[in-house]
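Residues per chain, in single letters:
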Amino acid sequence: MRERLRVQHYALRTERAYVDWVRRFILFHGKRHPAEMGAPEMEAFLTHLAVERCVSASTQNQAKAALLFLYKQVLGQADLPWLDDVVAARGGKRRLPVVLTPREARELLLQLSGPIGLAASLLYGSGLRLMECLRLRVKDVEFERRELLVREGKGGKDRVTVLPENLIAPLRQQLAHSRAVHQKDLAAGRGDVWLPDALAVKYPNAQRAWGWQWVFPSPVLSIDPRTGEERRHHLHAQGLQRAVALAARRAGIDKPCSPHVLRHSFATHMLQAGYDIRTVQELLGHADVSTTMVYTHVLNKGGRGVLSPFDAL
């Protein structure tokens, strides 16, 4: 199954999630082989997730997608009539995002320092997603034009977003630190970095080139889960997630805070500042403006801009 997922260039996170759902499906049915099971077993597993595990509709549909991939792409049973009849969970519920006020965003960021603090500042200052920030490479930082080039963002798309003026100096310091780490790795006979789409074969020297190195390198070496090679990767996502949650607690913020909340806050505060929604859409990398429209709730002051009759008493 992993081979089929990699042939079709699925993300590593998707690969892990799909394999995990198939493992759970097999264990749920007493380690029976999936080829011996069919629609009743799949329905029973999805019902178990919804009724007993109380998972969300999106989680249930992800499990269904993993099982459909297994039967269609791995077991080669795409012509089974029951595959398309498996009921999907009803989703589509519109949820307003958690958004910090400018004061809350400032108090949260003041609780952070070092590379983690700079990464969190970029999430809020540039509207980056978590992995887009951690996967920034040196060559994608444009100081003169005050731009960040986001490569292979959500949906495999590239885009350009703003680099805050007040983060230029801290970012230069971070790059100086990254260069020192890279020079130390080179002196130790290492210094290779992961490159996408077989670029390491096409450009053999690019793995050690400074421009391809991570802006936020990890302090420790790690093993590549696909190739087994030991190299220095970027900072781990969980480290930034935990740091933001703890910073929000120290700042006295009662809202649930994750790194993605900083991206929500970026979009909301841009609209509050009067920027056109199309501009915000491009900075966020949304394919459809309807996705960006969820942030327009901030323009409705006090509930659709109306005055409560209670306030007129």
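For the structure given in this document, a descriptive report is provided here. (Residues numbered from 1 in each chain as written. Predicted model: local features only at pLDDT ≥ 70, side-chain atom pairs only at ≥ 80, totals over all residues. Heavy atoms only, no water.)

A word on the overall build of the protein chain
Phase 1: Regarding its fold elements, the protein chain presents 13 helices and 5 strands.
Phase 2: Each principal axis of the C-alpha atoms in the protein chain carries an extent, and together these give about 75 × 60 × 35 Å.
Phase 3: Out of the 313 residues belonging to the protein chain, those deemed buried represent 42%.
Phase 4: Considering only contacts within the protein chain whose residues lie at least 6 apart along the sequence, 59% involve residues at least 24 apart.
Phase 5: Here the protein chain displays about 18,100 Å² of accessible surface, and carbon together with sulfur accounts for 52% of that area.
Phase 6: On the protein chain, the mean spot of the 45 positive side-chain charges and the mean spot of the 31 negative ones are 4 Å from each other. (Helix = DSSP H or I, 4+ residues; strand = E, 2+ residues; numbered from the N terminus. Buried < 20%, exposed > 50% of the residue type's maximum accessible area, 1.4 Å probe, protein only. Contact = heavy atoms within 4.5 Å. Areas by Shrake-Rupley, 256 points an atom, 1.4 Å probe, with all protein chains shown as cover. Lys, Arg positive; Asp, Glu negative; His and termini not counted. Charge placed at Lys NZ, Arg CZ, Asp CG, Glu CD.)

Some thoughts on the packing of aromatic side chains
Phase 1: Counted under the stated rule, the structure contains 6 aromatic pairs.
Phase 2: Following the ring pairs from residue to residue traces out a cluster consisting of Trp-21, Phe-25, Phe-28 and Phe-45.
Phase 3: Over the ring of Trp-214 we find Arg-137; its NZ or CZ atom is 4.0 Å from the centre of that ring.
Phase 4: Sitting over the ring of Phe-143, Arg-172 keeps its end group 4.1 Å from the ring centre. (Phe/Tyr/Trp six-rings, centres within 6.5 Å; stacked < 30°, edge-to-face > 60°. Lys NZ or Arg CZ within 6 Å of the ring centre and 35° of its normal.)

A few points about the environment of Arg-179
Phase 1: By the element assignment, Arg-179 lies in helix H8 (residues 168-187).
Phase 2: Of the residues examined, Arg-179 reaches a relative accessible area of 38% and is grouped as partly exposed.
Phase 3: Each C-alpha atom, one on Arg-179 and one on Leu-110, is 26 Å from the other, the two residues being 69 residues apart in sequence.

Thoughts on the pattern of salt bridges
Phase 1: Inspection of the entire model under this criterion finds 20 salt bridges.
Phase 2: For Arg-23, the salt bridge identified is with Asp-20, shortest N-O distance 3.8 Å. Here Arg-23 and its partner Asp-20 are both found in helix H2 (residues 12-28), 3 residues apart, which amounts to about one turn of the helix.
Phase 3: Overall, Asp-20 belongs to the partly exposed group, its relative accessible area being 25%.
Phase 4: Close ionic contact of Asp-140 with Lys-139 constitutes a salt bridge, the shortest N to O distance being 3.1 Å.
Phase 5: On the basis of relative accessibility, which here comes to 3%, the residue Asp-140 falls in the buried class.
Phase 6: A single salt-bridge network, built from bridges that share partners, covers Lys-139, Asp-140, Arg-151 and Asp-158. (Salt bridge = Lys/Arg side-chain N within 4 Å of Asp/Glu carboxyl O.)

Focus on the side chain of Arg-263
Phase 1: Its place among the elements puts Arg-263 in helix H11 (residues 259-272).
Phase 2: Glu-132 provides the closest opposite charge to the buried, unpaired Arg-263, separated from it by 4.5 Å.
Phase 3: Separated by 2.9 Å, the side chain of Arg-263 and the backbone oxygen of Leu-284 make a polar contact.
Phase 4: Sequence-distant contacts of Arg-263, defined by excluding residues within four places in its chain, comprise Leu-123, Gly-127, Leu-128, Arg-129, Glu-132, Arg-159, Leu-284 and His-286. (Polar contact = N/O pair within 3.5 Å; in protein donor to acceptor, adjacent residues only side chain to side chain.)

A short note on the side chain of His-182
Phase 1: Along the polypeptide, His-182 turns up in helix H8.
Phase 2: A distance of 2.9 Å separates a polar side-chain atom of His-182 from the backbone oxygen of Arg-208.
Phase 3: Leave out the neighbours within four places in its chain, and His-182 touches Gly-191, Arg-208, Ala-209, Trp-210 and Gln-213.

Some thoughts on unusual backbone geometry
Phase 1: Backbone geometry places Cys-54, a non-glycine residue, at a positive phi of 55 degrees.
Phase 2: By secondary structure assignment, the location of Cys-54 is in the loop between helix H3 (39-51) and helix H4 (57-74).

Let's talk about the nonpolar core
Phase 1: Judged by nonpolar contacts, the single largest core of 40 residues is most densely connected at Leu-108 and Leu-122.
Phase 2: Contributing elements (two or more residues each) for this core: helix H5 (102-110), helix H6 (114-126), helix H7 (130-134), strand E2 (147-150), H8, helix H10 (237-250) and H11.
Phase 3: Beyond its immediate stretch of four places on either side in the chain, Leu-122 contacts Gly-127, Leu-128, Cys-133, Leu-136, Leu-148, Leu-163, Leu-167, Leu-171 and Phe-216.
Phase 4: Listed in part, the 18 residues of the second largest apolar core include Leu-5, Tyr-18, Trp-21 and Ala-66. (Core = buried A, V, L, I, M, F, W, Y, C linked by side-chain atoms within 4.5 Å.)

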